[in-house]
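A closer look at the structure
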Amino acid sequence: MGQDKWNISFKTIMSSLLFAFVFYAIALWRYLVTGYIFYLYNFGYIGTALACGLFLNTALPKKHRSWGRRIAQLLVGSYLLIYVGFILGENLQLEGFFIYLLMGVFQGATLHYFIAKIIGPLLFNRGWCSWACWTAMVLDLLPWKVPRYKRVRSLGLMRYVHFFVSLAAVLYIWFILGNRTIYADKTTEIYWLAVGSILYFVVGIGVGYIFKDNRAFCKYICPVPVLQKITSRYAIMKVEINKDKCIDCGLCEKNCPMNIKLLAYKNANKRICSTECILCATCIDICPKAAVSITNKIDVIHFKSACIRN
Ligand code: SF4
Ligand code: SF4
Ligand code: SF4
């Protein structure tokens, strides 16, 4: 009942607007500090796209709510990859972040990583991974939305290997080869972005096919969670199950693209503090009892006891 109707309330509108205003504040801050008009329209656009997605994700009839996230993901992901990446010539990938850090530059990839993947997760968890990532924007088009197999925990180590290989490659270029002007020419930056993006897409689709899991690349190979997981553990926004409403049907857990053990968290009276949760809202949309929601709190986290292994 009520699932085929729009759900437009004061709360729905205000939470989307609040989200947009956070981005507008960042846009204004960067514009006032740097004088670059780019920051105004860049963060303005991203904030507006995300706010529209959030609005649709709560306002649309339940069976269509995931469109909100997909629309935001397409708007932000394609903007960052095509416009910021290829047209403006900014390599927003991990290696770009390392190079900008070494150059002492606080813009482009550095700012992107700082907001989306290091400090931002304290607020919006790993929301980047389902609402904005351009790699997942493509991987989410694959047909294996519900993972067919259990997660292979040991393969997660590959993410750390990937992270340190990327770091080592940049340090080698910078310190051993002594190339401090690698990004002096934008063409190099664009080539690096192009090769890196193609590799991510090809490998992502390949492992998606092998594991019959759209998010296999995210679970096993992508190096970005190595950074996100540090702060997302303390995220204010997390998924929570209302024990009183839950009927233990298991649908949320069965459909979670990241194989999170939602019911174990519920039974332990905890929010979903797994750093694998990407706030995709699948569990919220699928729950027949409206028992799942995203709540905003500060958890007291003890590293060893708080998180249930998934
Ligand atoms: S894990 Fe990597 S590829 Fe997957 S959504 Fe996050 S940043 Fe994108
Ligand atoms: S727990 Fe829910 S929000 Fe988190 S990844 Fe799983 S389905 Fe998505
Ligand atoms: S889908 Fe809802 S009712 Fe079913 S187990 Fe999950 S939280 Fe409980």
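Residues numbered from 1 in each chain as written. Chains lettered and ligands numbered in written order. Predicted model: local features only at pLDDT ≥ 70, side-chain atom pairs only at ≥ 80, totals over all residues. Heavy atoms only, no water.

Next up on the list: the overall build of the protein. Within the protein, the secondary structure is distributed over 16 helices and 2 strands. Scaling as 2.2 N^0.38, a compact globule of 310 residues should have a C-alpha radius of gyration of about 19 Å, and the protein matches this with 20 Å. Expressed as a percentage of contacts within the protein between residues at least 6 apart in sequence, the contacts between residues at least 24 apart total 75%. Here the protein displays about 15300 Å² of accessible surface, and carbon together with sulfur accounts for 70% of that area. (Helix = DSSP H or I, 4+ residues; strand = E, 2+ residues; numbered from the N terminus. Rg over C-alpha atoms; globule rule 2.2 N^0.38 Å. Contact = heavy atoms within 4.5 Å. Areas by Shrake-Rupley, 256 points an atom, 1.4 Å probe, with all protein chains shown as cover.)

On to the domain arrangement of the protein. On domain assignment, one finds that the protein holds domain 1 (1-64), domain 2 (90-229) and domain 3 (237-306). Contacts between the two partners involve 10 residues from domain 1, matched on the other side by 5 residues from domain 2. For domain 1, the biggest contributors to the area lost against domain 2 are Arg 30, Tyr 39 and Leu 50; these three give 40% of the whole. Summed over the shared surface of domain 1 and domain 2, the number is 1 residue pair in polar contact (both at pLDDT 80 or more). Those elements that provide at least two residues to the side of domain 1 that touches domain 2 are helix H1 (10-34) and helix H2 (37-59). For the side of domain 1 that touches domain 2, the element with the highest residue contribution is H2, accounting for 6 residues. (Domains from an automatic or database assignment. Buried area = accessible area lost by both parts, 1.4 Å probe. Polar contact = N/O pair within 3.5 Å; in protein donor to acceptor, adjacent residues only side chain to side chain.)

Turning next to the site of ligand 2. Surveying the vicinity of ligand 2 reveals 13 residues, the closest of which are Cys 256, Cys 277, Cys 280, Ala 281 and Cys 283. Put simply, ligand 2 lies in the second largest cavity. A per-class count over the shell around ligand 2 returns 12 nonpolar, 1 polar and no charged. (Near = heavy atom within 4 Å. 1 Å grid on protein atoms, 1.4 Å probe; cavity = no way out; pocket = protein on both sides within 12 Å on 5 of 7 lines; lining within 4 Å. Sits in = over half its atoms within 2 Å of the grid points. Nonpolar A, V, L, I, M, F, W, Y, C, P; charged D, E, K, R; others polar.)

Below, the discussion takes up the side chain of Glu 95. One can find Glu 95 in helix H4 (residues 94-103). In this structure, Glu 95 is buried with no salt-bridge partner, the nearest side chain bearing the opposite charge being Lys 117 at 10 Å. Apart from the residues lying within four places of it in its own chain, the contact partners of Glu 95 are Ser 166, Val 170, Tyr 183 and Trp 192. (Buried < 20%, exposed > 50% of the residue type's maximum accessible area, 1.4 Å probe, protein only. Lys, Arg positive; Asp, Glu negative; His and termini not counted. Salt bridge = Lys/Arg side-chain N within 4 Å of Asp/Glu carboxyl O.)

Turning to helix H10 (residues 186-211), a few remarks are in order. With 26 residues, H10 extends 37 Å from end C-alpha to end C-alpha; this agrees with the ideal 38 Å at 1.5 Å per step. Along H10, the residues classified as buried are Glu 189, Leu 193, Gly 196, Ser 197, Tyr 200, Phe 201, Gly 204, Val 207 and Gly 208. Residues of H10 that are buried make contact with helix H3 (66-87), H4, helix H8 (134-139), helix H9 (157-176) and helix H11 (216-220). Of the residues flanking the end of H10, it is Lys 212, one or two places downstream, whose phi is positive at about 50°. (Expected span 1.5 Å × (residues − 1).)

Bringing the site of ligand 3 into the picture now. Neighbouring residues of ligand 3: 13 residues in total, closest Cys 246, Cys 249, Gly 250, Cys 252 and Cys 287. Grouping the amino acids of the shell around ligand 3 by side-chain chemistry returns 11 nonpolar, 1 polar and 1 charged.

So, about the packing of helix H5 (residues 109-119) against helix H12 (residues 225-232). At a minimum axis separation of 8 Å, H5 and H12 run at an interaxial angle of 60°. On the basis of the axis angle, H5 is oblique to H12. Facing H5, whose interface residues are Tyr 113, Lys 117 and Ile 118, H12 presents Leu 227, Gln 228 and Thr 231. Among the residues making up the contact of H5 with H12, the classes are represented as 3 nonpolar, 2 polar and 1 charged. (Axes fitted to C-alpha atoms, helices over the stretch in contact; angles between N-to-C directions. Parallel < 35°, antiparallel > 145°, perpendicular 65-115°, else oblique.)

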